[in-house]
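Close look at the chain arrangement
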Amino acid sequence: MMRFLLLFSRQGKLRLQKWFTPMSEREKKKIIRDMTTMVLARQPRSCNFLHWKDLKVIYKRYASLYFCLAIENQENELIALEVIHRYVELLDKYFGNVCELDIIFNFEKAYFILDEFLIGGEIQETSKQMVNRSIEASDMLQETMEEYMSKPAF
Amino acid sequence: MSPSVPLQEMIRAIRSARTQCEERGVIQRECAAIRAQFRQADNGGRSHNLAKLLYVHMLGYPAHFGQMECVRMIASPRYSEKRVGYLGAMMLLDEKQDASLLITNSIKNDLSHSNQYVQSLALCTLACMGSAEMCRDLAPEIDRLLRASNSYIKKKAALCAVHIVRKVHELGELFVPAARSLLSEKNHGVLHGAVVLIIELCEQNPETLERFRKTVPDLVQIMKGLVLSGYSPEHDVAGISDPFLQVRILRLLRILGRNNEGASDSMNDLLAQVATNTDSTKTVGNAVLYETVLTVLDIKSESGLRVLAVNILGRFLLNNDRNIRYIAMTSLQKIVGTDHNAVQRHRGTIVDCLKDQDASVKRRALELSLALVSASNIRSMMKELLLFLSSCPPELRAHAASGIFNAAERYAPSQRWHIDTMLHVLITAGGDVRDETVPNLIQLITNASELHCYTVHKLYRALLLDISQQSLVQVACWCIGEYGDLLLKGDCQETEPVQVTEDDALDALETVLQSHMSSPATRGFALTATMKLSTRITDNVDRIRSIVSIYGSCIDVELQQRAVEYNALFRKYDHMRAAVLERMPVIEKNSPGHTNGESTGEAVKDVPTAKMKQGEPLLLQQPANQVHRSDHPPGPAVDCLVSGLSVHAAGTAGGDLLDLLGGFEPAELSPVLAYDKGGVTLTLSCEKQSDTGLTVTLTASNSSDSDLSSFTLQAAVPKSVQLHMKAPSGDSLPARGTAKVTQMVVLNNPNKVNLKMRVRVSYTRQGSPFQDTVQIDSFPGLDSQL
């Protein structure tokens, strides 16, 4: 099971946080601090796996963003790397050549995509096309509903 | 009401803020506007406001006032508002918040909504933050969805069920039938969810595991389909068909095959197929191979398959990718206990990884290398480990040093090699070794009597180079003090001869004494070593006297006391000095019955040669111990034998040994002859006093033609036995056995160890002193176990 997924920039600014277990705000803040310090301190060509408390932390850097995924001890680290990569691919397909700014300005979309890919700390759909289709359909639903329901009264 | 600033504008405004203060200002303004908007009635921009609030929350600012808005939004009929509302619920509400209960009803309604995307929102939120009560409430709904809905909903419902089972274990039973039937689905998403659910159910309940064992053939079929099928565009990742599902199924097979011969047998072929067919050029392939290896090693697989698995790990070790090397070593670490020989084959690669740049890889390689050391490869492994020690990162040094010591102790091919290795470690990493290293090394050195000359020369040279490593300096000082005569003699077969003068040796010790780098313990070692040299050198005794008297006024109390006592040794008991400072006997190895006397620090001051800072078991005391007792009050009660020997000594008389007068009690059982040499015989008899107590009576008589004077007996016993020597009857043994000397020894053996006693006999015959030792292993009238 995955415990949490964090995205942060090279300066340590948080861009996305997804928690798969209930935690208090204080704990979350502490974990974010710990993760950013640990991951940002790593040498460029070192191993992508870290040990933190009783969890394994898999991190990967894509352009200016660090993707940091914490999994339980018995999970497979290499497949976790693939999970991160799959998420980046989904974002890329959706935004078209995704960059950090896309995630900053459309953070809620990033969350929606994540929620179509992972649920409760596990993968829900292993096919890229299926996930993309679901997102597009939900977006369509949102637009049509909005157009239908809330015509702006100008 | 003017529309509020859209989300993107706000984000831009926040990002353009140049200082933290400015940013806080922008955010406060926005939050105020959002709060005002929330209080208003329904308007079109609600979702934007909540989204803005969520952004602010991600930056780390408080957003709890948005919780009720989330609840309202979830209940709204509009999809856009529901979407943001549920997102807000997942971010702001968790099971600890009270407001989370309010959304239970909304979720229930949405689970039966006509639109599948609304259903999916509800499922996702429930799986993310559902509390135990919510789970109990909604479990039947989830079960219904698991059976009758489209695959889009089924896969989400399956993972929702996983969350429910994790939160409320008892509900597992509810989902077992549905989970079983889901395995026949074709949709990969649903299959994946089903496998995860079954894994969770099996891990929770061993009976469920038994029931699901019957699904092994089905799972094998599915896997075969995945591995052998052609290219499938939907699920392909770098040539592997749906690696995520493959890994999950392998995991389930692992759980089902563990400790079960039947299930393991049915998987053997499949696992072999996966292991050989999977392409390992990309990470994905390696991920599947890794999972396969873990499964093979965990179930009851046949040996051929195990060897295949270990070989895969060996191949991983040679991979260019650091990640792969790292996980290979973690896996090898897990099996080094059980498949030791298989792992040994890859020893060379593992040792090479010690030189890797990455710290995590180095750590793994170190642990694995230490686990692989054996009697046959000790020499080559030690070379590599010592090389590693000199260049390893500081956080690994202590671990490496203690690992090297353990390995050296277990597999040392020769004493000289062992001493060399320990010295090397002390020179390289002396600051990181544990405290017991010093007494252990000292004990090792005393045991290797033929190497004393070599050792002291080596240590002397090391001392000249560097006096900052405390453990090394302590051992070196001790050796120079003890074997100074060998050092000064100069010739030694094992190393090149170097001429060391008395001044050189004393200079070295004085440098240690005066250096600010030396710890107080080290300076204590150096001072005592200096003192010991006074009997081993001939010319510079005055220099030693002056050094010792200087430290008589040292601030450090320990050094001061030592110096004062050594001074006394020079002044009043000069004739005793040789005897006091003579060579120490071989220290016996620590056995479980021995305790290290920590507080020996105090009592041992009286006996300069007993250098037991961290407790070496001393089995024999030096003779003049009793003399000092008269001048100084006895030290604190110690496990050590000092107290046993001197507690009952009477006052001194001149420079002679104590006048040992006292009565004696007749022996109860038939006496046994313990010692007979030079006309002196010693018999002993025992009387059992209690379950652990014993009284031994030693009787000495002299059948030679000359009188013996100053006759003393000293006894030593194993550490856990308590010894009490009563005053002897006299100290002179007239010739031809006209009178005897008896002495009673009371022993207490609470731990019931094997009782042994070593007795030292000393006397003066016609003006010349004589000493001898005898070991008594069996006591008459006693069972072997006292």
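By the naming in an unreviewed UniProt entry, chain B is AP-1 complex subunit gamma, taken from Gasterosteus aculeatus aculeatus. Reading the Sequence similarities (unreviewed entry) entry of the UniProt record for chain B gives the comment "Belongs to the adaptor complexes large subunit family."

Within an unreviewed UniProt entry, the label attached to chain A reads AP complex subunit sigma, and the organism entered is Gasterosteus aculeatus aculeatus. In its Sequence similarities (unreviewed entry) section, the UniProt entry covering chain A states "Belongs to the adaptor complexes small subunit family." Of chain A, the UniProt comment under Subunit (unreviewed entry) reads exactly: "Adaptor protein complex 1 (AP-1) is a heterotetramer composed of two large adaptins (gamma-type subunit AP1G1 and beta-type subunit AP1B1), a medium adaptin (mu-type subunit AP1M1 or AP1M2) and a small adaptin (sigma-type subunit AP1S1 or AP1S2 or AP1S3)."

A word on the pairing of strand 8 (residues 741-748) of chain B. Both faces of the sheet carry side chains from a regular strand, because those side chains alternate between them. Residue and element names in this part refer to chain B. Of all eight residues that make up strand 8, six are buried, and the element is covered over most of its length. Looking at chain direction, strand 5 (residues 693-702) and strand 8 are connected through eight bridges and run antiparallel. Note on strand 8: the bridge partner recorded for Thr695 is Val746. The pairing of strand 7 (residues 722-725) with strand 8 spans four bridges and is classified as antiparallel. The partner of His724 across the bridge, within strand 8, is Val746.

Attention now goes to the pairing of strand 3 (residues 49-52) of chain A. As paired strands, strand 3 of chain A and strand 4 (residues 55-62) of chain A are joined by four bridges and run antiparallel to one another. Counted as the bridge partner of Phe49 of chain A is Ile58 of chain A from strand 4 of chain A.

Adjacent strands of a sheet form backbone hydrogen bonds with each other and so pair up, either parallel or antiparallel. Residue and element names in this part refer to chain A. Spatial strand order, 2-1-5-4-3: five strands in an open sheet with antiparallel pairing. Only two strands of the sheet have a single neighbouring strand rather than two, namely strand 2 (14-19) and strand 3. Sheet twist, expressed as the mean angle between neighbouring strand axes with direction ignored, is 20°. As judged from the five bridges shared by strand 1 (residues 2-9) and strand 2, these two strands associate in the antiparallel manner. Looking at the pairing, Leu5 lines up with Lys18 of strand 2.

Moving on to helix 27 (residues 470-482) of chain B. Turn by turn, an α-helix covers 3.6 residues, leaving residues three or four places apart pointing in a common direction. The end-to-end C-alpha distance of helix 27 of chain B, which contains 13 residues, comes to 18 Å, matching closely the 18 Å that a straight helix rising 1.5 Å per residue would cover. Judged by how many residues are buried, helix 27 of chain B sits mostly within the fold: 13 of 13 residues are covered.

Bringing the nonpolar core into the picture now. Side chains that are nonpolar tend, in soluble globular proteins, to be buried together. Within the largest apolar cluster, 284 residues are counted, with the highest numbers of intra-cluster contacts made by Tyr87 of chain A together with Ile142 of chain B. For this core, the element with the highest residue contribution is helix 2 (residues 77-95) of chain A, accounting for eleven residues.

The next thing to look at is the UniProt feature "domain: AP complex mu/sigma subunit" (unreviewed entry) in chain A. Listed under "domain: AP complex mu/sigma subunit" (unreviewed entry) in the UniProt record, and renumbered for this structure, are residues 1-140 of chain A. With 46% helix and 27% strand, the stretch residues 1-140 of chain A has end C-alpha atoms that lie 32 Å from each other.

Let us now look at the environment of Ile312 of chain B. All names here are of chain B. When you line up the elements, Ile312 lands in helix 17 (residues 303-317). A relative accessible area of 2% places Ile312 in the buried class. The spatial distance from the C-alpha of Ile312 to the C-alpha of Leu289 is 7.9 Å, given a sequence separation of 23 residues. Leaving out residues up to four positions away in the same chain, Ile312 has contacts with Ala275, Leu289 and Val293.

This paragraph deals with a negative patch on the surface. The grouping of Glu261, Asp265, Asp269 and Glu302 of chain B at the surface amounts to a negative patch. By the secondary structure assignment, Glu302 of chain B is in the loop between helix 16 (283-298) and helix 17.

Moving on, we come to the confidence of the model for chain B. Residues and elements named next belong to chain B. Model confidence for chain B is summarised by a mean pLDDT of 81, while 87% of its residues fall at 70 or above. Contacts for the low-pLDDT stretch residues 591-668, under 50 throughout, to residues beyond four places or in other chains number 145 contacts. Scored as a complex, the prediction yields pTM 0.70 and ipTM 0.93.

Taken together, the contact pairs 64 residues of chain A with 66 residues of chain B. Between chain A and chain B we count eight salt bridges in total. Among the salt bridges present, the one from Arg248 of chain B reaches Glu122 of chain A, with a minimum N-O distance of 2.6 Å. At the junction of chain A and chain B, the tally comes to 21 residue pairs in polar contact (both at pLDDT 80 or more). Of all the secondary-structure elements, those providing two or more residues to the side of chain A that touches chain B are strand 2, helix 1 (25-40), strand 3, helix 2, helix 3 (100-105), helix 4 (107-117), strand 7 (122-123) and helix 5 (128-149) of chain A. Looking at the side of chain A that touches chain B, the element that brings in the most residues is helix 5 of chain A, giving 14 residues.

What follows deals with the packing of aromatic side chains. Counted under the stated rule, the structure contains 13 aromatic pairs over all chains. Taken together, a centroid distance of 6.4 Å and an interplanar angle of 85° make the contact between Phe107 of chain A and Tyr111 of chain A edge-to-face. Of the two residues, Phe107 of chain A and Tyr111 of chain A are both situated in helix 4; the distance of four residues between them amounts to about one turn of the helix. Grouping residues by exposure puts Phe107 of chain A and Tyr111 of chain A together as buried. Cluster of aromatic residues (ring-pair linked, three or more members): Phe4, Trp19 and Trp52 of chain A. Sitting above the plane of the Phe112 of chain A ring, Arg83 of chain B keeps its charged end 4.0 Å from the centroid.

Definitions and cut-offs
Residues numbered from 1 in each chain as written. Chains lettered and ligands numbered in written order. Predicted model: local features only at pLDDT ≥ 70, side-chain atom pairs only at ≥ 80, totals over all residues. Heavy atoms only, no water. UniProt positions renumbered as here; feature names shortened; annotations may be inferred. Buried < 20%, exposed > 50% of the residue type's maximum accessible area, 1.4 Å probe, protein only. Helix = DSSP H or I, 4+ residues; strand = E, 2+ residues; numbered from the N terminus. Pairing = 2+ DSSP bridges. Axes fitted to C-alpha atoms, helices over the stretch in contact; angles between N-to-C directions. Expected span 1.5 Å × (residues − 1). Core = buried A, V, L, I, M, F, W, Y, C linked by side-chain atoms within 4.5 Å. Contact = heavy atoms within 4.5 Å. Patch = residues over 30% accessible without salt bridge, like charges linked within 9 Å, V, L, I, M, F, W, Y side chains within 5 Å. Areas by Shrake-Rupley, 256 points an atom, 1.4 Å probe, with all protein chains shown as cover. Salt bridge = Lys/Arg side-chain N within 4 Å of Asp/Glu carboxyl O. Lys, Arg positive; Asp, Glu negative; His and termini not counted. Charge placed at Lys NZ, Arg CZ, Asp CG, Glu CD. pLDDT = per-residue confidence, 0-100. Polar contact = N/O pair within 3.5 Å; in protein donor to acceptor, adjacent residues only side chain to side chain. Phe/Tyr/Trp six-rings, centres within 6.5 Å; stacked < 30°, edge-to-face > 60°. Lys NZ or Arg CZ within 6 Å of the ring centre and 35° of its normal.

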